Amino acid sequence: MDKHEGRDAGTIRLDDPWYDALAVGWGEGEEPSPSRPAAGPRPAPSASDVYLEVQRSAAFQEVRRRYRRFVVPATAGFLLWYVAYVVAATAAPGVMARPVVGAVNVAMLAGLGQFLSTFVLTWAYARHARLRRDRAALDLRWTVFEQERGQERNRGRRDDR
């Protein structure tokens, strides 16, 4: 996406790979135009073929592996922490009611710890995504965008014939 200065400063170029072209006009009653068969011995790959090819690629599998390597342990740890809090509150009310400082007891600190752990986990997820996955995912997005753009160019050339 290019930035514009001057009169057209608010315009957006639609060749941005982050622009979701499928969402534009979706549900507005417009029927998609039927795709024409490719002229030639071999049909051009469809958009679904491009996405399947990317899904099978080593780069995509690496992004998914990095995602799972963070999310699965983080989710398991957080759920374990939450269940421990609930079980302690029901099974050991005496421990949870023990005062720590003034009117603040163990249950209140553990409850606040739930909120704190949620924010820490959110920060850790965003940091992990930024450092470990975003660049690779953006590279994949550009690859798909370029392949789709090449298909559109090929379709335009075939249509001109």
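Predicted model only: the values in this text are computed from it and were never measured.

The rules we used
Residues numbered from 1 in each chain as written. Predicted model: local features only at pLDDT ≥ 70, side-chain atom pairs only at ≥ 80, totals over all residues. Heavy atoms only, no water. Patch = residues over 30% accessible without salt bridge, like charges linked within 9 Å, V, L, I, M, F, W, Y side chains within 5 Å. Areas by Shrake-Rupley, 256 points an atom, 1.4 Å probe, with all protein chains shown as cover. Salt bridge = Lys/Arg side-chain N within 4 Å of Asp/Glu carboxyl O. Helix = DSSP H or I, 4+ residues; strand = E, 2+ residues; numbered from the N terminus. Buried < 20%, exposed > 50% of the residue type's maximum accessible area, 1.4 Å probe, protein only. Axes fitted to C-alpha atoms, helices over the stretch in contact; angles between N-to-C directions. Contact = heavy atoms within 4.5 Å. Nonpolar A, V, L, I, M, F, W, Y, C, P; charged D, E, K, R; others polar. Core = buried A, V, L, I, M, F, W, Y, C linked by side-chain atoms within 4.5 Å.

### Here we look at a nonpolar patch on the surface
Together, Val 100, Val 101, Val 104, Met 108, Leu 109, Leu 112, Phe 115 and Phe 119 make up a nonpolar patch on the protein surface, roughly 800 Å² of accessible area in all. At the level of elements, β1 (99-101) and α4 (106-160) are the ones that each hand at least two residues to the nonpolar patch. No other element matches the 5 residues that α4 contributes to the nonpolar patch. Residue position: Phe 115 is located in helix α4. Judged by relative accessible area, Phe 115 falls into the exposed class, the value being 55%.

### What to know about the packing of helix α1 (residues 47-56) against helix α2 (residues 58-91)
Relative orientation of the contacting elements α1 and α2 amounts to 60 degrees, with a least axis distance of 5 Å. Residues Val 54, Gln 55 and Arg 56 of α1 lie in contact with α2, whose contacting residues are Ala 58, Phe 60 and Gln 61. Residue composition of the contact of α1 with α2, by class: 3 nonpolar, 2 polar and 1 charged.

### A word on the nonpolar core
In terms of nonpolar packing, the biggest core is built from 5 residues, these being Val 50, Val 54, Val 63, Leu 140 and Val 144. Listed by contribution, the elements that provide at least two residues to this core are α1 and α4. When sequence neighbours within four positions are dropped, the list of residues in contact with Val 144 reads Val 50, Tyr 51 and Val 54.

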